[in-house]
Amino acid sequence: LAKDGYIVLEYASRGWWQSEGMIGVASPDDTNDVSSVVDWLSGNVPTDMNNIAISGISYGAGISLLGLEKEPRIKTAAALSGWGSLVEELYFQDTPDKASTTLLVGVAPITGKPTEELKQIGKDLLNPDTTQPRVEEIKQWASIRSPLTDVAAINARRAPVFLSKNYQDDMFTPNSSMKLFSQLQGPKKLLLNKGWHA
């Protein structure tokens, strides 16, 4: 992209690798960070503020879509191997996805710093005795991290969205992204490809 003349800024989400803060899984802090990045671009780089895009893969895809919803200075988003509904990804058909949870919760402490809340959610997702009220709390936690929850914010300004998903992606299945795609009212494109996550 830089070779094609674009100004490109890449950053590590809070809590991952050497980045400061804690992993909150596309939390409001993460979307605030998106706005901080746009602020930094505006003040430090000769940026065309009318043509800012955001893009990411997997975790970054979810943050990209949430960032597009919350940050009006971002014109468009490209989200690859992300999610439309984190609720559906964690509890597809009201059944906890233990394989994906084990992978996600297992990787976080190795490559970053998860919050205590995230650690507890991981334990509760893997616990067959988790109560229904606790399940509802986790779903609420996941709902604010789901682009589908506030897709109206994207539609209000008809922001263009590009989605790319893989059929065999068991971590973030195509289903919730296809549901998001069906609700988008602006320019949009969805690619469905062979292959697994990312």
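Each remark here, short or long, concerns the structure printed above.
My aim in this report is to walk through the structure given alongside it, one point at a time. (Residues numbered from 1 in each chain as written. Predicted model: local features only at pLDDT ≥ 70, side-chain atom pairs only at ≥ 80, totals over all residues. Heavy atoms only, no water.)

## Describing the overall build of the protein chain
Right, on to step 1. What the protein chain contains, in helices and strands, is 8 helices and 6 strands.
Right, on to step 2. Each helix (α) and strand (β) of the protein chain, taken in turn from the N terminus, gives the series α-β-α-β-α-β-β-α-α-α-α-β-α-β.
Right, on to step 3. Here the protein chain has a C-alpha radius of gyration of 17 Å; the compact-globule value for 198 residues is 16 Å, and the two agree.
Right, on to step 4. Within the protein chain, buried positions represent 43% of all 198 residues.
Right, on to step 5. A separation threshold of at least 6 residues defines the contact pool for the protein chain, and within that pool the share at least 24 residues apart is 72%. (Helix = DSSP H or I, 4+ residues; strand = E, 2+ residues; numbered from the N terminus. Rg over C-alpha atoms; globule rule 2.2 N^0.38 Å. Buried < 20%, exposed > 50% of the residue type's maximum accessible area, 1.4 Å probe, protein only. Contact = heavy atoms within 4.5 Å.)

## Some details on helix H1 (residues 28–44)
In an α-helix, one turn spans 3.6 residues, which is why side chains three or four residues apart end up on the same side.
Right, on to step 1. A rise of 1.5 Å per residue sets the reference length of H1, with its 17 residues, at 24 Å; its end C-alpha atoms lie 24 Å apart and thus fit the reference within 8%.
Right, on to step 2. For H1, every residue scored as buried is listed here: Asp30, Thr31, Asp33, Val34, Ser35, Val37, Val38 and Leu41.
Right, on to step 3. The inward-facing, buried residues of H1 abut strand S1 (53–57) and helix H2 (59–70). (Expected span 1.5 Å × (residues − 1).)

## Considerations on the side chain of serine 146
Right, on to step 1. Mapped onto the fold, serine 146 is located in the loop between helix H6 (132–143) and helix H7 (151–156).
Right, on to step 2. Reaching out from serine 146, the side chain makes a polar contact with the backbone nitrogen of leucine 86 at a distance of 2.8 Å.
Right, on to step 3. Ignoring anything within four residues of it in the chain, the contact list for serine 146 reads Leu66, Trp83, Gly84, Ser85, Leu86 and Val87. (Polar contact = N/O pair within 3.5 Å; in protein donor to acceptor, adjacent residues only side chain to side chain.)

## Overview of the pairing of S1
Right, on to step 1. Burial along S1 is one-sided: Ile54 and Gly56 are buried, and none of Ala53, Ser55 and Ile57, which face the opposite way, are.
Right, on to step 2. Both S1 and strand S2 (residues 76–80) contribute to a ladder of 5 bridges, which runs parallel. If you follow alanine 53 over to S2, its bridge partner there is threonine 76. (Pairing = 2+ DSSP bridges.)

## A few points about the sheet that holds S1
Right, on to step 1. Strands sit in the order S1-S2-S5-S6 across an open sheet of 4 strands; the sheet is parallel. Only two strands of the sheet have a single partner each, and these edge strands are S1 and strand S6 (188–193). Strand-to-strand twist of the sheet, defined as the mean angle between neighbouring strand axes without regard to direction, takes the value 5°.
Right, on to step 2. Of the strand pairs in this sheet, strand S5 (residues 161–166) and S6 are connected by 6 bridges, and their pairing is parallel. What sits directly across from valine 161, in S6, is lysine 188.
Right, on to step 3. Each of S1, S2 and S5 is contacted by H2, which is oriented at about 155° to S1, the strand it contacts most.
Right, on to step 4. Sitting on the sheet, helix H8 (residues 174–183) is in contact with S5 and S6, with an inclination near 160° to S6. (Axes fitted to C-alpha atoms, helices over the stretch in contact; angles between N-to-C directions.)

## A word on unusual backbone geometry
Right, on to step 1. Despite not being glycine, valine 25 has its phi angle at roughly 55°, a positive value.
Right, on to step 2. Among the structural elements, valine 25 can be located in the segment before H1.
Right, on to step 3. According to the relative accessible area criterion, valine 25 is buried, its value standing at 14%.
Right, on to step 4. Its identity is not glycine, yet aspartate 94 carries a phi of approximately 60°, on the positive side.
Right, on to step 5. Locating aspartate 94 in the fold gives a position in the loop between strand S3 (91–92) and strand S4 (95–96).

## Describing empty space enclosed by the protein
Right, on to step 1. Here the structure, examined in full by the defined rule, presents 1 cavity of 30 Å³ or more.
Right, on to step 2. The calculated volume of the largest cavity comes to roughly 30 Å³.
Right, on to step 3. As for the largest cavity, its lining consists of Glu89, Leu90, Asp97, Ser100, Thr101, Leu104, Met171 and Phe172.
Right, on to step 4. At 3 residues, helix H4 (residues 98–111) tops the list of elements feeding residues into the lining of the largest cavity. (1 Å grid on protein atoms, 1.4 Å probe; cavity = no way out; pocket = protein on both sides within 12 Å on 5 of 7 lines; lining within 4 Å. Points joined across faces, edges and corners; volume = space filled by probe spheres on them.)

## Looking at the nonpolar core
Right, on to step 1. By size, the foremost hydrophobic cluster in this structure holds 39 residues, and its most contacted members are Leu86, Leu90 and Trp141.
Right, on to step 2. Mapped onto this core, the elements with two or more residues apiece are H1, H2, S2, helix H3 (86–90), helix H5 (116–126), H6, H7 and S5.
Right, on to step 3. No other element matches H2, which puts 6 residues into this core.
Right, on to step 4. Not counting residues up to four positions away in its chain, the partners in contact with leucine 90 are Thr95, Pro96, Asp97, Leu125, Ile138, Trp141 and Ala142. (Core = buried A, V, L, I, M, F, W, Y, C linked by side-chain atoms within 4.5 Å.)

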